Amino acid sequence: MKHKLLSLNVGQPETYETDRGPLKSAYRKKPVHESKYLSSLNFEGDEQADKKHHGGRDKAVCLYPAQHYRHWENHYNQTFSFPAFGENITVEGIEEAKVHIGDIFQLGEALVQISEPRKPCYIIARTHGIDDFPAQVMQSGYTGFYLRVLKEGYVKTGDWMSLVERHPSMISVEEVNDVRYNDRDNHEKIEAIIELDALSDSLRETLQKRLS
């Protein structure tokens, strides 16, 4: 299984105007065409404005599947350009239903591992001026996901993201999204997800609170 990286995107925190006033965020990233070094924390030239909820070793890279853009363009009857979802990498053909927490991929020179689904927040609504955008993303399951870096290295647009190792649990990103937003009280599923060694610490803590 391999998928092409169509857009590599980085950005710095900035304050920009929205329909509800100014917003400070690094959401509005820009595509870059030169190689960027991917460290254990982020791509060279990339930063997060809210480090409490974004970034860190478990969320070093945000990935969004390129084919989902067609869904949102049809849904909202407007055009979205990469990286409209604030993602670091826009990758063609990869799907939440077919990849799993803990799956390991080669990405350019780097080695990365899926750590948790991306949780859409108010910033996507504010940036695009679409109030129901976060809710629609959650409902669709087209959330994208985060990656931690197991091996640092250079990455560029056009590189392949190739599966190296499938996690034995086989718990998909889609299944975690379902427990997170829909099947919220399924303790059996929550316990299985919590036991995943590759799950991000922050999501593990969130799900553990449901059990108590």
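Report follows, based on the coordinates.

**A few points about the packing of helix 5 (residues 187-194) against helix 6 (residues 201-211)**
At their nearest, the axes of helix 5 and helix 6 sit 10 Å apart, and the two run at 150° to each other. By the criterion of interaxial angle, the relationship of helix 5 to helix 6 is roughly antiparallel. Helix 5 and helix 6 meet at a crossing whose hand is left-handed. Judged by residue contacts, His187, Ile190, Glu191, Ile193 and Ile194 of helix 5 engage Arg204, Leu207, Gln208, Arg210 and Leu211 from helix 6.

**Section: the pattern of salt bridges**
Under the definition given, this model contains 12 salt bridges. Salt-bridge contacts for Arg204 lead to Asp201; the nearest nitrogen and oxygen are separated by 3.4 Å. You can see Arg204 and its partner Asp201 sitting in helix 6, 3 residues apart, about one turn around the helix. In this structure Asp201 comes out as partly exposed when scored by relative accessible area, which is 48%. Salt bridges sharing partners connect three or more residues here, namely Lys59, Glu116 and Arg180.

**Notes on the state of the cysteines**
This structure, assessed with the given rule, holds 0 disulfides. As a non-bridged cysteine, Cys62 has Cys121 as the owner of its nearest cysteine sulfur, 10 Å distant. Since its relative accessible area comes to 27%, Cys121 is described here as partly exposed.

Thresholds applied
Residues numbered from 1 in each chain as written. Predicted model: local features only at pLDDT ≥ 70, side-chain atom pairs only at ≥ 80, totals over all residues. Heavy atoms only, no water. Axes fitted to C-alpha atoms, helices over the stretch in contact; angles between N-to-C directions. Helix = DSSP H or I, 4+ residues; strand = E, 2+ residues; numbered from the N terminus. Parallel < 35°, antiparallel > 145°, perpendicular 65-115°, else oblique. Left-handed = near helix turned anticlockwise from the far one by under 90°. Contact = heavy atoms within 4.5 Å. Salt bridge = Lys/Arg side-chain N within 4 Å of Asp/Glu carboxyl O. Buried < 20%, exposed > 50% of the residue type's maximum accessible area, 1.4 Å probe, protein only. Disulfide = S-S within 2.5 Å.

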